[in-house]
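Residue-level listing of the chains:
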Amino acid sequence: MSRDRDARVLNELVRAHGETFAHEAGITLRNTPQPLYRLLVLAVLLSARIRGSVAVASARALSEAGLRDPRRMAGADWQARVDALGRGGYRRYDERTATQLGDGAELVLERWGGDLRRLRAEGDGRVPELRALLREVPGLGPAGADIFLREVQAVWPEVAPYLDAKTLSGAGRLGLPEDAGRLAALAGGTDPAAVAAALVRAALDKHVVEECLAHAA
C-alpha cells in the first residue's frame, strides 16, 4: 500500500472516530489530580467484558454522584458506588467493581497521596515501569493499564506514541502498517491519544473499518 493511501485512511479514521474515550466520558484531561484519577476510574470500567458505551456512561454516572477524586470514592458508601454504576448500566460487574473502586481509591491515597502525578514520577516516564505501577490498582490488569496509557499520552508526552496490540490490530484491519513507529510517522502532529482511540474503534467495530475505507477511497 502507498504511503499516500495509508495517510488518507488514517486521517479519515481520526477525523471520524478520533474522540478520546476520556472526552466521551466528559473528562477534560489535564495533568492535574482529579482528571487523572477520573481517567483511572474509566480505565478500570473499560477493562471489564462490557460494552464501551456502558463503561463510559458509568464513568459519567460516578462523576455525577460526586465521586471524582479518590478521597470521595474511598469515603463513599459501597452501595452508593453500586447504585451509580447501575445508573450507567454497569450491572453485570457492579458489586465487584464497586469494591475494586473503593480499594483502588485507598491505594491511590496511601501510595501516591491521591495524585497520580506521583505515580508518573515514580515510573520516571518509562512505560514498562508505569504499566507495572498501574497494574497494582485493583481491577486494572494489562488491558486496563494499556487503556490508561493510550489516553494519558495526551498529557504525559513521554509515553507517546503509545500504540499497543489493540491499536495495531485496528491498523491491520485497515491495511495500515502494524508498526507503532510507522503509524506515528503517518499521523504526523496529530494527537497520539486521538490516533490510538480511533484505531481501537477500528479494532472493535467492522463498520468503522468499512466506513473509513469507503470515505478514504
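Residues numbered from 1 in each chain as written. Predicted model: local features only at pLDDT ≥ 70, side-chain atom pairs only at ≥ 80, totals over all residues. Heavy atoms only, no water.

Student: Now, about the environment of Glu122: what can you tell me, with residues and values included?
Tutor: Looking at where Glu122 falls in the secondary structure, it is placed in helix H8 (residues 116-123). Among all residues touching Glu122, those that are not within four sequence positions of it are Arg111, Trp112 and Leu133. Of the polar contacts made by the side chain of Glu122, one reaches the side chain of Trp112; its length is 2.9 Å. (Helix = DSSP H or I, 4+ residues; strand = E, 2+ residues; numbered from the N terminus. Contact = heavy atoms within 4.5 Å. Polar contact = N/O pair within 3.5 Å; in protein donor to acceptor, adjacent residues only side chain to side chain.)

Student: I'd love a proper account of the packing of helix H3 (residues 33-47) against helix H10 (residues 142-152), names of residues and values included.
Tutor: For any two helices packed against each other, the geometry comes down to the angle between their axes and how far apart the axes lie. Where H3 meets H10, the closest approach of the two axes is 8 Å, and the angle between their N-to-C directions is 140°. Between H3 and H10, the angle is such that the two are oblique. Classified by chirality, the crossing of H10 by H3 is right-handed. Across the interface between the two elements, Leu36, Leu39, Leu40, Ala43, Leu46 and Ser47 of H3 pack against Ala143, Gly144, Ile147, Phe148, Glu151 and Val152 of H10. Classifying every residue of the contact of H3 with H10 by side-chain character gives nine nonpolar, two polar and one charged. (Axes fitted to C-alpha atoms, helices over the stretch in contact; angles between N-to-C directions. Parallel < 35°, antiparallel > 145°, perpendicular 65-115°, else oblique. Left-handed = near helix turned anticlockwise from the far one by under 90°. Nonpolar A, V, L, I, M, F, W, Y, C, P; charged D, E, K, R; others polar.)

Student: With reference to specific residues and values, describe the pattern of salt bridges.
Tutor: Close approach of charged atoms allows side chains with opposite charge to pair. Under the definition given, this model contains twelve salt bridges. Arg117 is the salt-bridge partner of Asp115, the closest N and O atoms lying 2.9 Å from each other. We classify Asp115 as buried; its relative accessible area is 12%. Classification of Arg117 as partly exposed rests on a relative accessible area of 33%. Across the pair Arg131 and Asp146 runs a salt bridge, and its minimum N-O distance is 3.0 Å. Pair noted here: Arg131 is in helix H9 (residues 127-134) and Asp146 is in helix H10, with a separation of 15 residues, a long-range link. (Salt bridge = Lys/Arg side-chain N within 4 Å of Asp/Glu carboxyl O. Buried < 20%, exposed > 50% of the residue type's maximum accessible area, 1.4 Å probe, protein only.)

Student: Any details on unusual backbone geometry? Residues and values, ideally.
Tutor: Glycine aside, a negative phi is what most residues show, and trans is what most peptide bonds show. Residue Pro161 is reached from Ala160 by a cis peptide bond, and omega for that bond is -5°. Within the secondary structure, Pro161 sits in the loop between H10 and helix H11 (165-173). Of note in this structure, Asp124 is not a glycine but carries a positive phi near 55°. Within the element layout of this structure, Asp124 appears in the loop between H8 and H9.

Student: Provide a residue-level description of the nonpolar core, including the pertinent values.
Tutor: Core analysis: the largest hydrophobic core is formed by 52 residues, its most contacted members being Leu40, Leu42, Leu45, Leu62, Phe148 and Trp156. Looking at this core, the element that brings in the most residues is H3, giving ten residues. Membership of the second largest hydrophobic core comes to 22 residues, among which are Leu176, Leu183, Ala202 and Cys212. (Core = buried A, V, L, I, M, F, W, Y, C linked by side-chain atoms within 4.5 Å.)

Student: Quick one: what's the story with the environment of Trp112, residue by residue and with numbers?
Tutor: Residue position: Trp112 is located in helix H7 (residues 94-112). When the C-alpha positions of Trp112 and Val56 are compared, they lie 25 Å apart, and in sequence the two are 56 residues distant. Not counting the four nearest positions on each side in its chain, Trp112 is found in contact with Leu107, Arg118, Leu119, Glu122, Leu133 and Val137.

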